[in-house]
Amino acid sequence: MARGKFIALEGGEGTGKSTQAKLLAKSLEDAGHKVIITREPGGTDGAEAIRALLLSPPGQGGWGPRAEALLFAAARADHVDKLIKPALEAGTWVITDRFLDSSRAYQGGAGGLGDDAIMALHTIGSGGLRPDLTVLIEAAPDIIAERLDLRDQGVSDAIGGRDAAYHAQVASSFARFAAEEPDLFTVIDGQGTPEEVHQRITSAVHDLLENPA
């Protein structure tokens, strides 16, 4: 049995990752593949419990970057061990809404911890697992702001609600990763209708479909 393929959808807040994950899963299922959609932080009972701590932190002030990075790494370790690796080994394609590169961009880049620290945690927690393809969805700041207004109705979680400078640094970090690792990333224009963006992503996934082994 061929191993399943692992695809991560990445990008800042409001770039449409969740919508595109569903559309991509449907197109892959129509092509005859078994597919699961998951998310980070989350995907397993343990990781979902950590998600609640991260997005609605107890007390005042929330978590600092180091604590955040450790919590994300712990959630990811559970996610990889209990869901992602078993699914891939069973031949299932896994699509995740965020993975390692979100930690690199948010805690490593905008949080100031640096890439080496995040990658070290990932090596310890998840054996260094990387997706077969990371799809980075980008959109203009005004488009993102409009989408977030519609999505959040003025209520954001502890990370999404951070200031514009923080999110600009996140976007800059993602762009740098894609430039430095072109074999692992494909960059997608996230502007236009969901179906237009989906068609761009489908084209990017073509090579994985053509080379299933």
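Model, not experiment: these values are computed from the prediction.

(A) Inspection of the packing of aromatic side chains at higher detail. Under the criterion given, the structure shown has four aromatic pairs. Considering the side-chain rings of Phe6 and Phe99, the 5.0 Å spacing of their centres and the 80° angle between planes classify their relative orientation as edge-to-face. With a gap of 93 residues between them, Phe6 in strand β1 (residues 6-10) and Phe99 in the loop between β3 (93-97) and α4 (100-110) connect regions that are remote in the sequence. Just as Phe6 is buried, Phe99 falls in that class too. When the centroid spacing of 6.5 Å and the interplanar angle of 85° are considered together, the rings of Phe174 and Phe177 count as edge-to-face. Of this pair, Phe174 and Phe177 both sit in helix α7 (residues 164-180), three residues apart, which is roughly one turn of the helix. Feature note: the residues Tyr106, Tyr166, Phe174 and Phe177 constitute an aromatic cluster, connected by ring pairs. Positioned above the aromatic ring of Phe99, the side-chain terminus of Arg76 is 5.4 Å from the ring centre. The ring of Phe177 carries Arg104 above its face, with NZ or CZ at 3.9 Å from the centroid.

(B) Highlighting the sheet that holds strand β2 (residues 35-39). Judged by pairing direction, the sheet is parallel, and its five strands sit side by side in the order β2-β3-β1-β4-β5 without closing on themselves. Looking at strand neighbours, the two that pair on one side only are β2 and β5 (185-189), the edges of this open sheet. Averaged over all adjacent pairs, the angle separating strand axes in this sheet is 20°, with direction ignored. Across five bridges, β2 lies against β3 in parallel orientation. Directly across from Ile36, in β3, lies its bridge partner Val94. Where α7 meets the sheet, its contacts fall on β1, β4 (133-138) and β5, and the angle it forms with β4 comes to roughly 140°.

Basis of the calculations
- Residues numbered from 1 in each chain as written.
- Predicted model: local features only at pLDDT ≥ 70, side-chain atom pairs only at ≥ 80, totals over all residues.
- Heavy atoms only, no water.
- Phe/Tyr/Trp six-rings, centres within 6.5 Å; stacked < 30°, edge-to-face > 60°.
- Helix = DSSP H or I, 4+ residues; strand = E, 2+ residues; numbered from the N terminus.
- Buried < 20%, exposed > 50% of the residue type's maximum accessible area, 1.4 Å probe, protein only.
- Lys NZ or Arg CZ within 6 Å of the ring centre and 35° of its normal.
- Pairing = 2+ DSSP bridges.
- Axes fitted to C-alpha atoms, helices over the stretch in contact; angles between N-to-C directions.
- Contact = heavy atoms within 4.5 Å.

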